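# Coordinates in review
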Amino acid sequence: MRMVTIINKTKYKDFAEYYPLIDHYYQKTLDLLQLDDDYSLTYIITGPIAIRRINREYRKIDKETDVISFAMQDYDDGFSIEGEEIELGDIFVNRKRILSQASEYGHSVKREFVFLFVHGLLHLLGYDHMKREDEEIMFGLQKRIVDDLF
């Protein structure tokens, strides 16, 4: 059973209506990548102070960010137990940045909420954008996954 747990660490409930979309885009991502394994992960909505602290402590970058992912599966050792759920990790998203970036980029809050989830999910699945060729692959996948939200 594929599963995304959403935890809202803020006092705001303004994204609750978008929670069902997360399951849809989670499944869409796994289908596009032809992944059949049972995965679970946590999508955590937090504020700018908390995400800055996380970024400083774990990435040694003392600034606020929009999304940060912590993968449980950093390498593929080929070992898994059939029928066992695989924990991918955690995605932390900055509520304030969702709102400001939606406005800045001229699209909906719903799109930004889903887009940052997909971005974090791709990181958990091993994609990155440090090199130009990797960026083209990852950003191309993001666009294909959330294309119906434009």
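Preceding this paragraph is the structure being described.
Now for a look at the structure at hand.

## Regarding helix H5 (residues 132-146)
Spanning 15 residues, H5 covers 21 Å between terminal C-alpha atoms, matching the ideal 21 Å at 1.5 Å per step. Taken together, the buried positions of H5 are Met138, Leu141, Gln142, Ile145 and Val146. For H5, the angular spread of buried residues about the axis comes to 115 degrees, placing them on one side. With respect to the buried face of H5, the exposed residues turned more than 90 degrees away are Arg132, Glu136, Lys143 and Arg144. Each element contacted by the buried residues of H5 is listed here: helix H1 (19-32) and helix H4 (109-124).

## Examining the packing of H4 against H5
Where H4 meets H5, the closest approach of the two axes is 10 Å, and the angle between their N-to-C directions is 135 degrees. Taken together, the axis directions place H4 and H5 in an arrangement best described as oblique. Considering how the two elements wind past one another, H4 and H5 form a crossing that is right-handed. In this structure, H4 uses Arg111, Val114, Phe115, Val118, His119, Leu122 and His123 to contact H5, whose residues at the interface are Met138, Phe139, Leu141, Gln142, Ile145 and Val146. Within the contact of H4 with H5, the residues separate by chemical class into 9 nonpolar, 3 polar and 1 charged.

About the cut-offs
Residues numbered from 1 in each chain as written. Predicted model: local features only at pLDDT ≥ 70, side-chain atom pairs only at ≥ 80, totals over all residues. Heavy atoms only, no water. Helix = DSSP H or I, 4+ residues; strand = E, 2+ residues; numbered from the N terminus. Expected span 1.5 Å × (residues − 1). Buried < 20%, exposed > 50% of the residue type's maximum accessible area, 1.4 Å probe, protein only. Arc of directions from axis to C-beta. Contact = heavy atoms within 4.5 Å. Axes fitted to C-alpha atoms, helices over the stretch in contact; angles between N-to-C directions. Parallel < 35°, antiparallel > 145°, perpendicular 65-115°, else oblique. Left-handed = near helix turned anticlockwise from the far one by under 90°. Nonpolar A, V, L, I, M, F, W, Y, C, P; charged D, E, K, R; others polar.

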